[in-house]
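For reference, the chains in residue letters:
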Amino acid sequence: MGADHLAHKELLWKLSSTYLPNDVGSLQRSLVRHVEYTLARRRYKLDDNTFYQATAHSVRDRLIERWTDTQQYSAKVGAKKVYYLSLEFLIGRSLGNAVSNLGLRGAYAEALRQIGYNLEDIMSEEKEPALGNGGLGRLASCFLDTLATQNYPAWGYGIRYKYGMFEQRILNGQQVEFPDYWLTDGNPWEVERLDVQYPVRLFGHVREFKDQEGNTRYAWQGGEVVMAQAYDTPIPGYGTYNTNNMRLWSSKPSHEFDLASFNAGNYYGAVEAKERCESITSVLYPNDATDEGKRLRLKQQYFFVSATLQDIFRRFKKSVGRTATTKIQDMPKKVAIQLNDTHPAIAIPELMRLLLDVEYLSWEEAWEISRNVFAYTNHTILPEAMEKWSVPMITELLPRHMQIIYEINHRFLLEVQKLWPNDDTRLSAMSIIEESTPKMVRMSNLAVIGSHTVNGVAMIHTKLLKSTLFPDFLLMWPEKFINVTNGVTPRRWLLQANPALSSIYTGMVGPGWVNDLKRLEPIKTMAQDALFRQRWRAAKQTNKNAVVDWLYKTMGIQVNPNALFDMQVKRIHEYKRQLLNVLGIVHRYAEITQATPEQRNQMVPRVCIMAGKAAPGYVMAKNLIMLVCAVSEVVNADAACRDLLKVIFIPNFNVSLAELLIPASDVSQHISTAGLEASGTGNMKFVMNGGLIVGTMDGANIEIAQAIGEHNMFTFGAKASEVAAIRRTMSHHPPKIDPRLQRATQMIRSGVFGKPKDGEYHQLLDAIDPHKDVYLTAQDFPSYLRAMDEADAQFQLEEKWTAKCIESACSMWMFSSDRTIREYAAKIWNVEPLPFRPPKHQN
Ligand code: NBY
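What you see is a predicted model; the values in this text were computed from it and never measured. (Residues numbered from 1 in each chain as written. Predicted model: local features only at pLDDT ≥ 70, side-chain atom pairs only at ≥ 80, totals over all residues. Heavy atoms only, no water.)

## Re the overall build of the chain
Okay, so step 1: Along the chain, the regular secondary structure elements total 34 helices and 22 strands.
Okay, so step 2: The C-alpha atoms of the chain give 28 Å as radius of gyration, which agrees with the globular expectation for 843 residues (28 Å, within 12%).
Okay, so step 3: For the C-alpha atoms alone, the extent of the chain along its principal axes is close to 90 × 75 × 60 Å.
Okay, so step 4: Summarising the internal contacts of the chain: among those between residues at least 6 apart in sequence, 78% fall at separations of at least 24.
Okay, so step 5: Put simply, the chain shows about 34300 Å² of open surface, and 53% of that area lies on carbon and sulfur atoms.
Okay, so step 6: The averaged location of the 91 negative side-chain charges in the chain is 3 Å from the averaged location of its 96 positive side-chain charges. (Helix = DSSP H or I, 4+ residues; strand = E, 2+ residues; numbered from the N terminus. Rg over C-alpha atoms; globule rule 2.2 N^0.38 Å. Contact = heavy atoms within 4.5 Å. Areas by Shrake-Rupley, 256 points an atom, 1.4 Å probe, with all protein chains shown as cover. Lys, Arg positive; Asp, Glu negative; His and termini not counted. Charge placed at Lys NZ, Arg CZ, Asp CG, Glu CD.)

## Section: the packing of helix α23 (residues 578-594) against helix α30 (residues 739-750)
Okay, so step 1: Look at α23 against α30: their axes get within 9 Å of each other, and the N-to-C directions meet at 95 degrees. Judged by the inter-axis angle, α23 sits roughly perpendicular to α30. Only Arg 740, Leu 741, Arg 743, Ala 744, Thr 745, Met 747 and Ile 748 of α30 make contact with α23, whose side of the interface consists of Leu 583, Val 586, His 587, Tyr 589, Ala 590, Glu 591 and Gln 594.
Okay, so step 2: Residue composition of the contact of α23 with α30, grouped by class: eight nonpolar, three polar and three charged. (Axes fitted to C-alpha atoms, helices over the stretch in contact; angles between N-to-C directions. Parallel < 35°, antiparallel > 145°, perpendicular 65-115°, else oblique. Nonpolar A, V, L, I, M, F, W, Y, C, P; charged D, E, K, R; others polar.)

## Focus: the side chain of Lys 646
Okay, so step 1: Position of Lys 646 relative to the elements: it lies in strand β19 (residues 645-650).
Okay, so step 2: As a buried residue without a salt bridge, Lys 646 has its nearest oppositely charged side chain in Asp 643, at a separation of 5.5 Å.
Okay, so step 3: Of the polar contacts made by the side chain of Lys 646, one reaches the backbone oxygen of Arg 642; its length is 3.0 Å.
Okay, so step 4: If we ignore the near neighbours within four places in the chain, the residues touching Lys 646 are Ile 557, Gln 558, Val 559, Arg 606, Val 607, Cys 608 and Asn 636. (Buried < 20%, exposed > 50% of the residue type's maximum accessible area, 1.4 Å probe, protein only. Salt bridge = Lys/Arg side-chain N within 4 Å of Asp/Glu carboxyl O. Polar contact = N/O pair within 3.5 Å; in protein donor to acceptor, adjacent residues only side chain to side chain.)

## Quick word on the confidence of the model for the chain
Okay, so step 1: When pLDDT is averaged along the chain, the result is 95, and 98% of the positions lie at 70 or above.
Okay, so step 2: With pTM at 0.97, the complex prediction returns an ipTM value of 0.99. (pLDDT = per-residue confidence, 0-100.)

## Thoughts on the environment of Ala 809
Okay, so step 1: As for its placement among the helices and strands, Ala 809 is situated in helix α33 (residues 798-809).
Okay, so step 2: Relative accessible area serves as the criterion here: at 2%, Ala 809 is assigned to the buried category.
Okay, so step 3: Remark: the alpha-carbon pair of Ala 809 and Ile 348, spanning 461 residues in sequence, is separated by 41 Å.
Okay, so step 4: Beyond its immediate stretch of four places on either side in the chain, Ala 809 contacts Tyr 505, Trp 536, Val 687, Met 688 and Gly 690.

## Concerning the pattern of salt bridges
Okay, so step 1: Under the defined criterion, the tally for this structure stands at 49 salt bridges.
Okay, so step 2: One salt bridge connects Glu 396 with Arg 295, and the closest N-O pair in it is separated by 2.9 Å. Here the residue Glu 396 occupies a position in helix α14 (residues 391-397), and Arg 295 occupies one in helix α10 (residues 295-323), the gap between them amounting to 101 residues.
Okay, so step 3: Accessibility expressed as a relative area gives 39% for Glu 396, which makes it partly exposed.
Okay, so step 4: By relative accessible area, Arg 295 is classed as partly exposed at 34%.
Okay, so step 5: Note that Arg 577 and Asp 780 form a salt bridge whose closest N and O atoms lie 2.8 Å from each other. One end of the pair, Arg 577, is in the loop between β17 (564-569) and α23; the other, Asp 780, is in helix α32 (residues 777-796), with 203 residues separating them in the sequence. The pair formed by Arg 577 and Asp 780 is uniform in burial state, with each residue classed as buried.
Okay, so step 6: Each of Arg 193, Asp 232, Arg 247, Asp 311, Arg 314 and Arg 315 takes part in a single network of salt bridges with overlapping partners.

## Re the pairing of strand β10 (residues 335-340)
Okay, so step 1: Of all the six residues making up β10, six are buried; the element is thus mostly covered by neighbouring parts of the structure.
Okay, so step 2: Of the two faces of β10, the one holding Val 335, Ile 337 and Leu 339 and the one holding Ala 336, Gln 338 and Asn 340 are both buried throughout.
Okay, so step 3: Bridge analysis of strand β1 (residues 81-85) against β10 gives five bridges, and the strand direction is parallel. Along β10, the bridge assignment pairs Tyr 83 with Ile 337.
Okay, so step 4: The pairing of β10 with strand β11 (residues 374-377) spans four bridges and is classified as parallel. Paired with Leu 339 across the two strands is Tyr 376, which belongs to β11. (Pairing = 2+ DSSP bridges.)

Written as C-alpha cells, this is what we have:
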C-alpha cells in the first residue's frame, strides 16, 4: 500500500508538474482544443466572440498553473499574508492584462493572426465586470495588480455581484439605468470552488451561559443561515510567476434551510426563502458618495465579512497546525487585514465574536489580537458619505455584534474619561454610538478604534482627516494616523492602454520602466530634443485618432483631430463640479457666436468630452447630465462652431472606455471644490499618459503639481484653507457675479438649450446663487476661465506644450501603485515580498 501510494504520487507529479509550452504552434493547438472541447464547436468559421472564449480559456490554463503553485508555495513557507477587504473591485477586462502580464501578448497575437483573427478585436469582445462604483473600486484593482507584481502574498476578498454597476444609456437626453448582467456568456476568468463554502447567520438571538470555569459566555443562535460560495480569480503579476487570488463570495441557500421549509410542507415558502438568500449578492449599490442605510446593504457587508473571516481563520489555523509553535495569539504575525473604507468594518466585531464565542479567549486577549490585525483606509470626509447603521437594525440582524459594539464602546469611553474627565462634548463626539433617534452606530469611529493604523489617501486629505474628522482621536493616538498617497498601476494605465507611448518608453530605456516607473525620469531631458518631441506628438495623435474613429463609429460624431481634446470623465457629483465645466463651455459657445471671423481664426478648436454615471437617486447629478446633453445638441448643430467647438457626453463610462480616452487627452479637468476630493486617481492616469491638467489645489493634484512643477499644471480656485471663510462671508456679503457667468446662466435659463418641464436647469443654477454657493462654483468661475484661457494659449505653442507633457509624464513615478503598496507594506502591514520561482526544468 505504502509503496503503491508513493508510486502513484510520483506518477501524478510527473504527469502534472511541467508548465504548458508557449510557442506559437502550441498556443494554436490550445486554442483549437478549447474551441472543440471546452466550447464544443468545430468546422465553422467562428465569430470573434467564440475565439475570445477560446483564447480566454487557453490563457486561463497558463494562469492556473502559476496560481496553484504560488498558493502552495506561500502556504508551505507560512508567510504573513495581506487580505484586502473591499466591497468593490473594478477590475476591467482581463484578457489583455493577462497576456501582457504573462509576457505572451506577442505570441498570442501571432498565433491568432496566422489563423485569421486579430488579438485586439478578440480582446474587445470581453464584457467587463463592473463590480465597483469608481475610484475606490478601481484603486482596489490597481492594488491587486501591484501586490502580485511585487510578489506580496496577498488576497483580495469581495462580493461577486450578479448585477454590477448599471449600464447607463442616454434616452431623450437623460440618463436611464439598465441592469448589468455581466455573466451572460459565463466568466472564463473565475473558478467556482464548490469545496469552499461557509454558513453565514443572520437574525436570531444571543444565549448567555456559564462555561466550565464559571465565565459568562455568549452564543449566537437561531435566525437564518445562508451559504457563501467562493469564486476565485487568478491575479497575475507582471513579469513574475507570482499569481495571487481574488476570492469573491456569492450567496446561496443552505440545505438545512430548504429542508426545514419543505418538511413543513411549505413549498412556496421554501422557494421564497431561496430567492431571499440569493438576493444578498445580487446587486452592487450604485452610490459613490452617499450612505443609503439600506438593510440589504448591511446584509451584504456582514455576509462577505463573515465568509471572509471564516476563510482567513481556517487558513491561519491550518498554518498553526503545521508549525505547532504558532498560537492563536500570533494571528497578527500571519494576518494583516486592510479595510477599504468602512464598508467591511463590521469585520471588527465579527473577529471579536469568533475569538470570544468560538475560541473562548478573554476580552483583553481578543481585543489585542483584533486591533493588531486590522487597519483602515478612509476615502472621504464628506459628511453624507459617513456610514451609519441604526442600532435597531443591527440589533435585529446581528444581535451579538450589537452587544460587542456596545462593549467596545463602553471600554473605550472609560479610557476617554480617564484622559479627559468631565468632558461630555468630547465623549459624545468620540462615541461609536450617536445619541439620535434612533441611535446610530458610526462605522468610522468603530473602524478607528478597532484598527492599529488609519490612513488617508493624499497628503491634504490626511491633514483634513486629522483636523476635521478625527481630531480627538488624533490627540489620543497621534501615531495611529498616517498618509499613504494613492497610485495607479502602470501596467493597465500605460502599457496596456497606451501602446504608442509605451513603445517610445521601451525604445528609450528598455522594458524595465513597467515595474519601475522611476526609470522614465532621464527621458525628461529629451523634452529639449525636437525630434523626440515630434515622435511624442505622433504617439498622442495616434491615440487621438483612435478616439476620433471610435466617436464616428459608435456615436456618428465627427470631430477635428487637431483640436485640443479636453476631458472630464468621472462620477457625476456636485463636489466634482461638472457644472463649472458646463458653464465654461456655454461661455466659450457665447464667445464663438459673438466673434468676428478674424477673431474666430484666433481661437483654439476644442473637443469637450464628458462622461460619468449619476447615482440613480441623485437628482442634481441627473439634471447635470441633462444639461450637458442639451448643450451638446445645440452647440454641435450650430454652424458657427463647426471645427471650433464640439461637446460630447459619452454614455456608460467604464474602465475600457477610460483606457481608450485617457491616452488621447490634451487637457483633463480635476476641478473639485478644494478640500472635498480625497485624492482622485484619474488625475494621475491623465498626466502619465502625456496630458496636462486643469485643476484645483485639491487631493493628489497638489502632490502632482509638486512632482511635475506648478508651471506644468493649470491651477485655479480657492484653496482648502480659504473655503470655510468664503462660505461664511457669502451669506451676508454675496460676491458680485462675474458678467460672463451672468451671461452663461442667462442663456441657460432663457431656454437657449431648451426648457425642460420640471425646471431642472433652474434647480442646478439656483444652487450656485452667490448667497449659498456651497461648492464655490460661482466663486471660482473667473479663475477657472483664466486657467482655461491659459491652456488655450499654451496649446498653440506646440513645441513648448509638448515639452511640458514630456516633463510631466516622466516625473510621475511616485503615483505608481508600486510606490503606494511598498508604503502600505512597510508602514502598515509589515510584510515582505515572497517571489515564487518554479523549478529550473520548467520554462
Ligand atoms: O476613492 C474615491 C474618492 O472620492 C477619490 O477621491 C479617491 O481617489 C478614491 C480612491 O481613494 N471614493 C470612492 O470612489 N468612493 C466610492 O466609490 C464609494 C462607494 C460606495 C459607498 C461610498 C463610496 N457607499 O457608501 O456605499
